[in-house]
Amino acid sequence: MRLINLGLTDYEDALRLQSEAASLVADGGPESLFLLEHPPTITFGKNGGEEHLPLPAEFFENNGVKVIRSSRGGSITCHFPGQLVAYPVMRIDKRPGGLRRFFHDMEESVIRTLAAFGLESGRMEGKPGVWVEGKKICSNGIAVKRWISAHGLSRNVGRDLALLETVTPCGLPGVQATSAQGETGNGRITME
């Protein structure tokens, strides 16, 4: 597997890189894991999410936030600097447990990483993602084409969650977002 750290990358550029990587995987090439941050971006998944955007898209776009329809599953989410985004481009049909296990393993990778920093997290029945005491710290949304994954997860690291607070995260009313730094009360957990 290729591990590629892209740093701050526009959403559209990340989509293009995932598509190129998926073509390589389809041709028998190596799988890839892209790690990055996005500039302020709001995305809607295949399940919609526009109804969870409280202001017109033009308002956000006029204030430097891109608003994009995505091919991933799920509802509305936000991306911003201080959020670690991971896009695994992998062949799902070759993995034990298939798509369900792949999704579970993505969540598990976040749970174990946070545990390594002393932060207890877990799953909530019927709600995707990773949670800390009822607050969402990581969102998942994937797409699969020809049994090759795209998109992935976004874990909140930094304290600034202002963009997430402007929407209904993942289309789940009443959900509060949190971050690794916000939960630990210090800057010990960083993007690096």
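For the structure, see preceding data.
Since we're looking at a predicted model, the values are computed, not measured. (Residues numbered from 1 in each chain as written. Predicted model: local features only at pLDDT ≥ 70, side-chain atom pairs only at ≥ 80, totals over all residues. Heavy atoms only, no water.)

(A) Geometry of the environment of Pro 173. On the secondary structure map, Pro 173 appears in the loop between strand 10 (148-156) and helix 4 (180-184). Each C-alpha atom of the pair Pro 173 and His 52 lies 8.7 Å from the other, and the pair is 121 residues apart in sequence. (Helix = DSSP H or I, 4+ residues; strand = E, 2+ residues; numbered from the N terminus.)

(B) Representation of the side chain of Arg 72 in the model. Checked against the element boundaries, Arg 72 lands in the loop between strand 4 (66-69) and strand 5 (76-79). One buried charged residue, Arg 72, remains without a salt bridge, the closest side chain of opposite sign being Glu 50 at 9.7 Å. Polar side-chain contacts of Arg 72 include one of 2.8 Å to the side chain of Thr 43. Every residue in contact with Arg 72, bar those within four places of it in the chain, is listed here: Thr 43, Phe 44, Gly 45, Lys 46, Thr 77, Gly 141, Ile 142, Ala 143 and His 151. (Buried < 20%, exposed > 50% of the residue type's maximum accessible area, 1.4 Å probe, protein only. Lys, Arg positive; Asp, Glu negative; His and termini not counted. Salt bridge = Lys/Arg side-chain N within 4 Å of Asp/Glu carboxyl O. Polar contact = N/O pair within 3.5 Å; in protein donor to acceptor, adjacent residues only side chain to side chain. Contact = heavy atoms within 4.5 Å.)

(C) Up close: the pattern of salt bridges. Going through the model one piece at a time under the given rule, you end up with eleven salt bridges. Of the charged contacts in the structure, one is a salt bridge between Arg 91 and Asp 93, with a shortest N-O distance of 3.6 Å. A relative accessible area of 43% means that Asp 93 is categorised as partly exposed. One salt bridge in this structure joins Lys 135 and Glu 183, with 2.8 Å as the shortest N-O distance. Here Lys 135 is found in strand 9 (residues 135-145), whereas its partner Glu 183 is found in helix 4, with 48 residues between them in sequence. Residue Lys 135 is classed as buried on the basis of its relative accessible area of 19%. Residue Glu 183 is classed as partly exposed on the basis of its relative accessible area, which comes to 23%. Three or more residues are tied together by salt bridges with common partners; here these are Glu 107, Glu 108, Arg 112 and Arg 123.

(D) Here's a closer look at the packing of aromatic side chains. For the coordinates displayed, the defined rule picks out one aromatic pair. Taken together, a centroid distance of 5.4 Å and an interplanar angle of 85° make the contact between Phe 59 and Phe 60 edge-to-face. (Phe/Tyr/Trp six-rings, centres within 6.5 Å; stacked < 30°, edge-to-face > 60°.)

(E) Spatial organisation of the pairing of strand 5. Of the two faces of strand 5, both are covered, the one formed by Ile 76 and Cys 78 as well as the one formed by Thr 77 and His 79. Judged from the four bridges that link them, strand 3 (residues 41-44) and strand 5 form a sheet pairing that is antiparallel. Counted as the bridge partner of Ile 42 is Cys 78 from strand 5. (Pairing = 2+ DSSP bridges.)

(F) Layout of the nonpolar core. In terms of nonpolar packing, the biggest core is built from 19 residues, with Leu 114, Val 130 and Ile 137 touching the most fellow members. Within the residue set of this core, elements represented by two or more residues are strand 6 (83-89), helix 3 (98-116), strand 8 (127-132) and strand 9. Residues within four places of Leu 114 in sequence aside, it is in contact with Leu 119, Ser 121, Val 130, Ile 137, Arg 155 and Ala 180. Among the nonpolar cores identified, the runner-up in size contains 14 residues, and Ile 42, Val 65, Cys 78 and Ala 177 belong to it. (Core = buried A, V, L, I, M, F, W, Y, C linked by side-chain atoms within 4.5 Å.)

(G) Main features of the sheet that holds strand 9. If you trace the seven strands from one edge of the open sheet to the other, you get 1-2-6-10-9-8-7, paired in mixed fashion. Unpaired on one side and paired on the other, strand 1 (2-8) and strand 7 (122-124) mark the two borders of the sheet. Adjacent strand axes in the sheet meet at a mean angle of 25°, parallel and antiparallel pairs treated alike. The pairing of strand 8 with strand 9 spans three bridges and is classified as antiparallel. Within strand 9, the position partnered with Trp 131 by the bridge is Lys 136. Against the sheet, helix 3 makes contact with strand 6, strand 7, strand 8, strand 9 and strand 10, and its axis sits at roughly 145° relative to strand 9, the strand it touches most. (Axes fitted to C-alpha atoms, helices over the stretch in contact; angles between N-to-C directions.)

(H) The side chain of Gln 181, seen in detail. By secondary structure assignment, the location of Gln 181 is in helix 4. Setting aside residues up to four positions removed in sequence, Gln 181 forms contacts with Val 157, Gly 158, Arg 159, Asn 186, Gly 187, Ile 189 and Thr 190.

(I) Geometry of unusual backbone geometry. Even without a glycine there, the phi angle at Glu 133 is positive, about 50°. By the element assignment, Glu 133 lies in the loop between strand 8 and strand 9. Of note, the phi angle at Trp 147 is positive, near 65°, even though the residue is not glycine. Along the chain, Trp 147 turns up in the loop between strand 9 and strand 10.

By themselves, these observations are geometric and do not establish any function.
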